[in-house]
Amino acid sequence: MNAPFAAPSPAPAPHARRPALDIRNVSKAFVVNGEAIEVLSNISLAVEAGAFVSIVGASGCGKSTLLRLILGLDRDYAGEIRLDDRPVDGPGPERAIVFQEHRLLPWLTVEANVGAALLHSGLDKAMRRRAVAEHLELVGLEAFAKAYPAQLSGGMAQRVAIARALANRPRFLLLDGPLGALDALTRLRLQEELKRIVAHEGSTALLVTHDVDEAVYLGHVVVVLHPRPGRIAAVLPVPEEARSDRSSPAFVALRDRVLELLGVTRRTG
Amino acid sequence: MSIDATARSDSPADSPAASLAPSRRATARRYGALRPDWRPLASFGALLALWFAAHHLGWIAAKYLPSPLAVVERLMSEIRTGTILDDLQETLRRNLSGLAIGAAAGLALGALLGISTLVGRIVGPTVLAQRQTALFAWVPLLAMWFGGGDTGKIAFIAVAAFQPVVIGTWRGISLVPATYRELSDVLLLSRWNYIRLVAVPSALPMIFTGLHGALIYAWLATVGSELFLNISPGLGGRLNQGSQLFEIDLLFLAILLFGLIGLGYNTLAERAEALLVRWNSR
């Protein structure tokens, strides 16, 4: 992984190319009290390089579990997950995640937290420092490099977590409901930032969320999951108009369609 | 006269407690749990008053209970012409040497136990069994191995200090939250970086609890070693001297010094712990 940016980046259109992330017939069960409980059932999903995929569903539909499988943290499942045509075998530097909680180490400064992601990168100290500074700048927190996590607001801490995830220039960015714990205003602001940052980095992003607006606004594609066991109900492409304007008819129509699929009907007249 | 006496004898014995008070108040304020700090002083004063009464009203024969004033006088004469300061120094040297050896061994083995499940499985039960052995049961064995002199004493203190440190370090490092371990996996941290950046800082409060325990145990063991092993320069030796020669003022003085140093250690540890907790959760 000497050249993390070797592949010609984003161009989010190519349908002919083979998918960067290929999930094939993945099923996953947990054993609870001696009984197998299926959490994911026969999930198949192909993600093009540079795409932003939103996965939306009620809690308990196995969204986070799916991300854990893609990360390689859990290898006990049926089916196949391939990255660039190679099966996933444990965590790797080309994948990064932002968890729902910021999960920063409270005893390290902001820059040390971000720098921790680069310890395995093979970069020398000066290059690591530059990468940390660049990514803190990207999330607008260069002034807080020496601060400790407890001195930051929830939104700032989550931005640091985003910087940490991106520091190694991963080609796959997994977002496990990273804005779910934030207040509404901060969430809206960070949605904008996330969109800008992911586009800037050219990563392939997988966002798991239960916020339908967020899913539609950020994704090129919205994947709707049904719960117990988690299975794909629909894969909906997002029109460019919906992605750029939250009040556009396209946005509203798609959002209502997703809500309907999730069993929440929105008929007001 | 007796009021005057109280005030005078109060000052040397009382000063550590008095200097402790503001910090305690500050700590209490910092954590929002306001605790009136006159209570410990009140009980201390009451005890002192009782002591005065018991001696001066003749409740207990002077042979068995010296006047507090006699103890202060003994301290003064000891400082001027006696050996008490050398004894104190000897005792502290012994205590700190044993503490350092025991704590270092405890940290090393505890870290190994916490990091390697294999080592934990093989050595862990033995360490736990060793903990169940009453501390003073080691005295005869260590006396045979290391002799009753300085080496034997330090060995005993080291054993005492080792126990809480090894347990605290082991538990602390093996109980790193699963979320942090998951993060370390995702960040592909090497084992060394995991220990340095995640495991040790996360375990620090528990390690510190172990060290705090070690401080107290080592002090107990210091007293014990000086009493049960060969008599040599040190506070324990003076304690023996006091009881054998019936120098009741010396006996009381030695006990008070042991108590005050123990209190000082404890205060030091508590303050360091408060600082550490603040640092750790900044």
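Above: the structure in question.
Residues numbered from 1 in each chain as written. Chains lettered and ligands numbered in written order. Predicted model: local features only at pLDDT ≥ 70, side-chain atom pairs only at ≥ 80, totals over all residues. Heavy atoms only, no water.

Participant: Quick question: what am I supposed to make of the nonpolar core here?
Facilitator: Looking at soluble globular proteins, one finds that nonpolar side chains tend to be buried together. Residue and element names in this part refer to chain A. With 53 residues, the main nonpolar core has L136, L173, L175, V216, V222 and V258 as its most contacted residues. No other element matches the nine residues that helix α4 (residues 154–167) contributes to this core. Here this core gathers at least three residues from each of two domains, domain 1 (49–77 + 171–269) and domain 2 (105–169). Discounting residues that sit within four places of it in the chain, V258 has contacts with V56, V212, V216, V222, V224 and L236. Membership of the second largest hydrophobic core comes to 51 residues, among which are L45, I70, L105 and L174. (Core = buried A, V, L, I, M, F, W, Y, C linked by side-chain atoms within 4.5 Å. Buried < 20%, exposed > 50% of the residue type's maximum accessible area, 1.4 Å probe, protein only. Helix = DSSP H or I, 4+ residues; strand = E, 2+ residues; numbered from the N terminus. Domains from an automatic or database assignment. Contact = heavy atoms within 4.5 Å.)

Participant: Whenever I open this one, the environment of A:G202 confuses me. Can you help?
Facilitator: Structurally, the position occupied by A:G202 is in the loop between α5 (184–201) and β8 (204–209). Taking the C-alpha atoms as reference, A:G202 lies 7.5 Å from A:R171; in sequence the two are 31 residues apart.

Participant: I would appreciate a short explanation of the sheet that holds strand β5 (residues 86–87) of chain A in the present structure.
Facilitator: Sheets are built from strands that pair by backbone hydrogen bonding, the pairs being arranged parallel or antiparallel. Residues and elements named next belong to chain A. Reading across the sheet, the four strands line up as β2-β1-β4-β5 and stay open at both edges, with antiparallel pairing between neighbours. The open sheet has two edge strands, β2 (35–47) and β5, and neither has a second partner. Pairing geometry for strand β4 (residues 78–83) and β5, over two bridges, is antiparallel. The residue of β5 that forms the bridge with L83 is R86. (Pairing = 2+ DSSP bridges.)

Participant: Explanation requested: the interface of chain A and chain B in the structure shown.
Facilitator: Quite often, the size of an interface is put as the accessible area lost when its parts meet. If you look at the interface, chain A gives 21 residues, while chain B gives 19 residues. Together, the buried faces of chain A and chain B total about 2,000 Å²; carbon and sulfur atoms form 70% of this surface. Between the two partners, chain A and chain B, sit two salt bridges. Between A:R68 and B:E182 there is a salt bridge, with the nearest N and O atoms lying 2.1 Å from each other. Where chain A touches chain B, the interface holds four residue pairs in polar contact (both at pLDDT 80 or more). The class makeup of the residues in the side of chain A that touches chain B is 16 nonpolar, two polar and three charged. (Buried area = accessible area lost by both parts, 1.4 Å probe. Salt bridge = Lys/Arg side-chain N within 4 Å of Asp/Glu carboxyl O. Polar contact = N/O pair within 3.5 Å; in protein donor to acceptor, adjacent residues only side chain to side chain. Nonpolar A, V, L, I, M, F, W, Y, C, P; charged D, E, K, R; others polar.)

Participant: Even after reading the chapter, I still don't get the environment of B:I84, so can you show me in this structure?
Facilitator: Residues and elements named next belong to chain B. In this fold, I84 is placed in helix α4 (residues 84–115). Counting along the chain gives 170 residues from I84 to A254, while the straight-line C-alpha distance between them is 8.8 Å. Excluding anything up to four places from it in sequence, I84 contacts E78, I79, L235, R238, L250, L253 and L257.

Participant: I keep staring at the pairing of strand β7 (residues 172–176) of chain A and nothing clicks. Help me out?
Facilitator: Residues in a regular strand point their side chains to alternate faces of the sheet. All names here are of chain A. Among the five residues that make up β7, five are buried, leaving the element largely enclosed by the rest of the structure. Relative to β7, strand β6 (residues 95–98) runs parallel, the two being bridged by four bridges. Note that in β7 the partner of I97 across the bridge is L174. Here β7 pairs with β8 via five bridges, running parallel. From the neighbouring strand, L173 faces β8, where its bridge partner is A205. Of the crossover connections in this fold, the one passing from β7 over α5 to the parallel β8 is right-handed. (Right-handed = clockwise from strand over helix to strand, strands pointing away.)

Participant: Any chance you could explain the sheet that holds β7(A) here in plain terms?
Facilitator: Residues and elements named next belong to chain A. An order of β6-β7-β8-β3-β9-β10 is seen for the six strands of this open sheet, with the pairing classed as mixed. Of all the strands in the sheet, just β6 and β10 (231–237) have a single pairing partner and so form its edges. Averaged over all neighbouring strand pairs, the angle between strand axes comes to 20°, with direction disregarded. Against the sheet, α4 touches β6 and β7, its axis set at about 175° to β6. (Axes fitted to C-alpha atoms, helices over the stretch in contact; angles between N-to-C directions.)

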